[in-house]
Amino acid sequence: MGKMSFWDKPLVAGKITGENVTAREKWLGYLIGPAGALLLNAVLASYLNVYYTDVLNLTHVWGGAFLMLFPIISKIIDAITNVVMGQIIDRRRTSQGKARPWLLVSAPLMAVTGILLFTVPAAGETIQVIWVMVSYNLFYSFAFTIYNMSHSLMVPLSTRNTAQRGTLSVFTNVASVMVSGIIVALIFPMAVLPALGVDKEKWILVMSVISLLALPLTLMEYYFTKERITDELAGQDVEKIPIKRQLMDVLHDKYWIVIILYYFFYTFGSNIKNISLVYYCNYVLGSYNDGITQTMVSVIGGIPMGIGIFAVWPLAKRFGKRNVTMAGFVLYIIGGIICLSSPYNMVIVLIGQFIKNIGGLPCAYVFAALLADVLDHMEWKCGYRLDGISTSANSVIITLCAGLASGIFNLLLSGAGYKAPELINGETVAYIQNGATQSVITGSFVGVEIITGVIMIVLLAFLNVEKVIHKEQEEIRLRREQAAASKTEGEGTDQ
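Residues numbered from 1 in each chain as written. Predicted model: local features only at pLDDT ≥ 70, side-chain atom pairs only at ≥ 80, totals over all residues. Heavy atoms only, no water.

Looking at an unreviewed UniProt entry, one finds the protein named MFS transporter, with Candidatus Scybalocola faecigallinarum as its source organism.

Structure, rendered in structure tokens:
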């Protein structure tokens, strides 16, 4: 008997063994499990920049250039590590899959580096700048890259059953949209931010708790997911496809190019909106950390996300994932225009946000299923899986868009004359921003996504992969059966 590998030991082996997706898998592996890391990432996406500008007061360091250059440079580094991680995933398999094992690795790394992001020492400007740059890259370019690359492949590698895969896509997006949204968009602005103010010690305490929470939940995601598509290839030799050939294959397929461009514009618009949300509610629509404005925007805008759990997938099955998503973006644009028509009016903004978020439902819940269809199409066309390079491309987009959004927004804030609040006698004192700063914030929160919405509708018009995917999946199955039969026949001849 051969020696048991590390990945086959009882304490490491996954808990899901069946060929069909189970209820336990959906709820623990795709809903509750990812919630920890996704919550941590959502909090950072919404409030880390606020910590830098308002608590550490870094807005005008290097004449405003630091908070513009540092996130962009960091995200370039992050993009490189994403590509490297994608190749590592594609070239190594274990009995637990090729992506899932990295969830196990990422769990403690995210917890530690998430805490380091906020424990910036009260020292000179140079030391603070170095700490911010190093801790940011340890989290995003290392720990979260490992998690996000593996997490992003869980749905595409889960099963070839498109109905089950669609259900998992909804569950994993519920984890992101609902679980993260309830805490980040409701509890934080209503109760947490007013209590934190610009008190650094309180920020460290709260963010340490959130970072540590990601550890056990990410372990749960590891134990209760399964890569059935990777299992199909068990025992077969893994062909080492050169990166040049992979690039040539993906860049010559219209579906792959369209979904990557689509994801780029969606992610960029979302990042600009998310990073400006707190500033918009603090300085344009309401007052600083009033506990009401951001909560109202989030509640009214977020209610459709709850409805979407039950409505989106039945509509997508009837009318098609692409068609429902295109129709949604029409509402997305209309809602944005309503908000922009009267950005200081709470009632008008809430109506616009409600309509806008109804329009965003299909994109939020079915993207992973659309991506999975494209990956299966690529396997049919090229004869091998392109999971690693595709996930690398998605992760590069996430990282670069986050850096671009932060850098551009911070540069515009600095140039417009943004004035950070101060902690005076234990109380947070905020200032009224000038007209230029308010215009920058409003345009970032409302205007950018109107433009990206139009672009995404145009791109989706070319993404008709659903028309051919079932036929292509059947051909993949036949090829696999023929290859297995040939291998069995060859082994019999050798004997």
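Visitor: For this particular structure, what's the right way to read the state of the cysteines?
Guide: A covalent bond between the sulfur atoms of two cysteines is referred to as a disulfide. Scanning the entire structure with this criterion turns up zero disulfides. No disulfide involves Cys 339; its sulfur sits 11 Å from that of Cys 281, the nearest cysteine. Cys 401 takes part in no disulfide bond, and the closest cysteine sulfur, belonging to Cys 363, lies 13 Å away. For Cys 401, a relative accessible area of 0% gives the class buried. (Disulfide = S-S within 2.5 Å. Buried < 20%, exposed > 50% of the residue type's maximum accessible area, 1.4 Å probe, protein only.)

Visitor: In this structure, what is going on with the pattern of salt bridges? I would like to understand it.
Guide: For side chains bearing opposite charge, pairing can occur when the charged atoms are close. Overall, the coordinates contain 19 salt bridges when judged by the stated rule. A salt bridge links Asp 387 to Lys 98; its shortest N-O distance comes to 3.1 Å. Taken as a pair, Asp 387 in helix H13 (residues 387-416) and Lys 98 in the loop between helix H2 (66-91) and helix H3 (101-116) lie far apart in primary sequence, 289 residues in all. Just as Asp 387 is buried, Lys 98 falls in that class too. Arg 245 is paired through a salt bridge with Asp 249; the nearest N and O atoms lie 3.8 Å apart. Placement of the pair is Arg 245 and Asp 249 together in helix H8 (residues 243-251), with a separation of four residues, close to one helical turn. When salt bridges with common partners are traced through the structure, they connect Asp 90, Lys 98, Arg 160, Arg 165, Lys 321, Asp 373, Asp 376, Glu 379, Arg 385, Asp 387 and Glu 466 into a single cluster. (Salt bridge = Lys/Arg side-chain N within 4 Å of Asp/Glu carboxyl O. Helix = DSSP H or I, 4+ residues; strand = E, 2+ residues; numbered from the N terminus.)

Visitor: Looking at this structure, I do not really get the environment of Phe 367. What am I missing?
Guide: Its location among the elements puts Phe 367 in helix H12 (residues 346-382). Between the C-alpha atoms of Phe 367 and Ile 259, which are 108 residues apart in sequence, the distance is 9.2 Å.

Visitor: Can you walk me through unusual backbone geometry in this structure?
Guide: It is generally the case that most residues other than glycine have a negative phi and that most peptide bonds are trans. The backbone of Trp 62 sits at a positive phi, close to 55 degrees, despite the residue not being glycine. Mapped onto the secondary structure, Trp 62 falls in the loop between helix H1 (23-55) and H2. A positive phi angle is found at Asn 289, which is not glycine, with a value near 45 degrees. Within the secondary structure, Asn 289 is located in the loop between helix H9 (254-285) and helix H10 (293-319). The class of Asn 289 is buried, set by a relative accessible area of 16%.

Visitor: Just checking my understanding: could you explain the side chain of Asn 148 for this structure?
Guide: On the secondary structure map, Asn 148 appears in helix H4 (residues 125-152). Each residue touching Asn 148, except ones within four places of it in the same chain, is listed here: Ser 395 and Ile 398. (Contact = heavy atoms within 4.5 Å.)

Visitor: Help me understand the packing of aromatic side chains, please; the structure alone is not making it clear to me.
Guide: Here a ring pair, both rings aromatic, is described through the centre-centre distance and the interplanar angle of the planes. Taken as a whole, this structure holds 28 aromatic pairs when the rule is applied. Centroid distance Tyr 136 to Tyr 140: 4.8 Å. Interplanar angle 45 degrees. Geometry classified as tilted. Here Tyr 136 pairs with Tyr 140, and both are found in helix H4, just four residues apart, close to one helical turn. Given a relative accessible area of 7%, Tyr 136 falls into the buried group. One aromatic cluster is present, built from ring pairs that chain together Tyr 51, Tyr 52, Trp 62, Phe 66, Phe 70, Phe 118, Tyr 136, Phe 139, Tyr 140, Phe 144, Tyr 147 and Trp 203. Above the ring of Tyr 332, the side-chain terminus of Lys 356 is found at 4.4 Å from the ring centroid. In this arrangement the basic side chain of Lys 419 is found over the ring face of Tyr 431, its NZ or CZ atom lying 4.3 Å from the centre. (Phe/Tyr/Trp six-rings, centres within 6.5 Å; stacked < 30°, edge-to-face > 60°. Lys NZ or Arg CZ within 6 Å of the ring centre and 35° of its normal.)

Visitor: Any chance you could explain the packing of helix H11 (residues 321-341) against H12 here in plain terms?
Guide: The description of two packed helices rests on the angle between their axes and on the distance between the axes. Interaxial distance between H11 and H12 falls to 7 Å at its minimum, and their mutual angle equals 155 degrees. One way to sum up the angle between H11 and H12 is to call them roughly antiparallel. Considering the relative orientation of H11 and H12, their crossing is left-handed. When the residues that make up the contact of H11 with H12 are grouped by side-chain class, the tally is 15 nonpolar, nine polar and four charged. (Axes fitted to C-alpha atoms, helices over the stretch in contact; angles between N-to-C directions. Parallel < 35°, antiparallel > 145°, perpendicular 65-115°, else oblique. Left-handed = near helix turned anticlockwise from the far one by under 90°. Nonpolar A, V, L, I, M, F, W, Y, C, P; charged D, E, K, R; others polar.)

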